[in-house]
Amino acid sequence: MKVRILGCSGGISAGLRSTSLLIDDDILIDAGTGLGDLTLEEMGLIRHIFVTHSHLDHVCFIPLLIDTIFDLVEEPVIIHGQENTLQALQDYIFNWVVWPDFAELPRPEAPVLRYRSMQPGDTWENKGRTFEMIAVNHIVPAVGYRVSDAGGSFAFSGDTTTNDTFWAALNAHPTLDMLIVEAAFADHNLKLSQLAKHYCPSLLAEDMQKLRHFPDIYITHRKPGEEDRILQECREQMPDRKLRALSGGELFTL
């Protein structure tokens, strides 16, 4: 299984892309601005999108993707997510006002886009890969995912702050090779982190004590301009962990 980091920033600027992970060549986790760096041919291979939550930086390129590959795909792209997240996409984006409802195009009986609802704890298997949805704690309903195949496993927190569910779900498995976890703010923004329900280094360090595994850990969703400070604070507060920062463009093989 290959994991390509298309975008991992908590904002946008030159060289920065918002969250999107490409699994092998056919599955996305989230569809932020990093998706736009794929070629047209690569976009045409995408068959599934797993959405963590409804915030714009994680879903903004879904409508543009579907419009772009409309004439390239013979089977619908399936968006997987919680029911309330999928409903938000239908109500506020694919609503014929902001964007056409591609779940009805080119024909309602044969659309280019379909939705598949999941609940935390549900799993989905495809070509030897298993996706497990895990509840997390954000300002809107949100989830993370654990993804595994015969070669290994990784987990992605999505956007979250202090919680027990994510860590308990990871501990329920015997192994974890890689963890991609957010730390959006530096500790001087602790109160903002708590209000927005994001991790900052001190909050993440507290929760990391709940994890029994010792995977390679990659910090994501750092706010532009604060990247170095966030990483340094994470390393200072979690000296026993193997911590690196995502910058975008990485390719991991599990």
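Residues numbered from 1 in each chain as written. Predicted model: local features only at pLDDT ≥ 70, side-chain atom pairs only at ≥ 80, totals over all residues. Heavy atoms only, no water.

Engineer: Outline the packing of aromatic side chains, listing residues and values.
Structural biologist: Centre-to-centre distance and the angle between the planes together describe a pair of aromatic rings. This model, assessed by the stated rule, comprises eight aromatic pairs. When the ring of Phe 50 is compared with that of Phe 131, the centres are 4.4 Å apart and the planes differ by 10°; the resulting orientation is stacked. Residue Phe 50 is located in strand 4 (residues 48–50), and its partner Phe 131 is located in strand 10 (residues 129–135); the two are separated by 81 residues in the primary sequence. The burial state of Phe 50 is the same as that of Phe 131; both residues are buried. Between Tyr 218 and Phe 252 the ring centres are 4.8 Å apart and the planes differ by 55°, which places this aromatic pair in the tilted class. Taken together, the positions of Tyr 218 in strand 14 (residues 216–220) and Phe 252 in strand 16 (residues 251–253) put the pair 34 residues apart, joining distant regions of the chain. Note on accessibility: Tyr 218 and Phe 252 belong to one class, buried. Taking the ring centre of Phe 214 as reference, the NZ or CZ of Arg 241 above it sits at 4.1 Å. (Phe/Tyr/Trp six-rings, centres within 6.5 Å; stacked < 30°, edge-to-face > 60°. Helix = DSSP H or I, 4+ residues; strand = E, 2+ residues; numbered from the N terminus. Buried < 20%, exposed > 50% of the residue type's maximum accessible area, 1.4 Å probe, protein only. Lys NZ or Arg CZ within 6 Å of the ring centre and 35° of its normal.)

Engineer: So what's going on with unusual backbone geometry? Which residues, and what values?
Structural biologist: Going from Leu 105 to Pro 106, the amide bond is cis rather than trans, its omega being 0°. One can find Pro 106 in strand 6 (residues 106–107). At Lys 127, a position not held by glycine, the phi torsion is positive, near 55°. Along the chain, Lys 127 turns up in the loop between strand 9 (123–126) and strand 10. Overall, the relative accessible area of 71% leaves Lys 127 in the exposed class.

Engineer: Got a sec to walk through the layout of surface pockets? Specific residues and values, please.
Structural biologist: Here the largest pocket is characterised by a volume of approximately 220 Å³. In this structure, the largest pocket is lined by 19 residues; those nearest its centre are Cys 8, Gly 15, Arg 17, Ser 247 and Gly 248. Elements with a contribution of two residues or more to the lining of the largest pocket: strand 1 (2–7) and strand 14. Residues belonging to the lining of the largest pocket are distributed by class as follows: six nonpolar, eight polar and five charged. (1 Å grid on protein atoms, 1.4 Å probe; cavity = no way out; pocket = protein on both sides within 12 Å on 5 of 7 lines; lining within 4 Å. Points joined across faces, edges and corners; volume = space filled by probe spheres on them. Nonpolar A, V, L, I, M, F, W, Y, C, P; charged D, E, K, R; others polar.)

Engineer: I'd like a description of the nonpolar core, backed by residues and values.
Structural biologist: Membership of the largest hydrophobic core comes to 28 residues, with the highest contact counts inside it found for Trp 167, Leu 170, Leu 179, Val 181, Leu 204 and Met 208. Excluding residues within four positions of it along the chain, Met 208 makes contact with Trp 167, Leu 179, Val 181, Ile 217, Met 238 and Arg 241. The next biggest cluster of nonpolar side chains, apart from the first, holds 25 residues, and it includes Leu 35, Ile 46, Leu 65 and Val 77. (Core = buried A, V, L, I, M, F, W, Y, C linked by side-chain atoms within 4.5 Å. Contact = heavy atoms within 4.5 Å.)

Keep in mind these numbers describe shape, not what the thing actually does.
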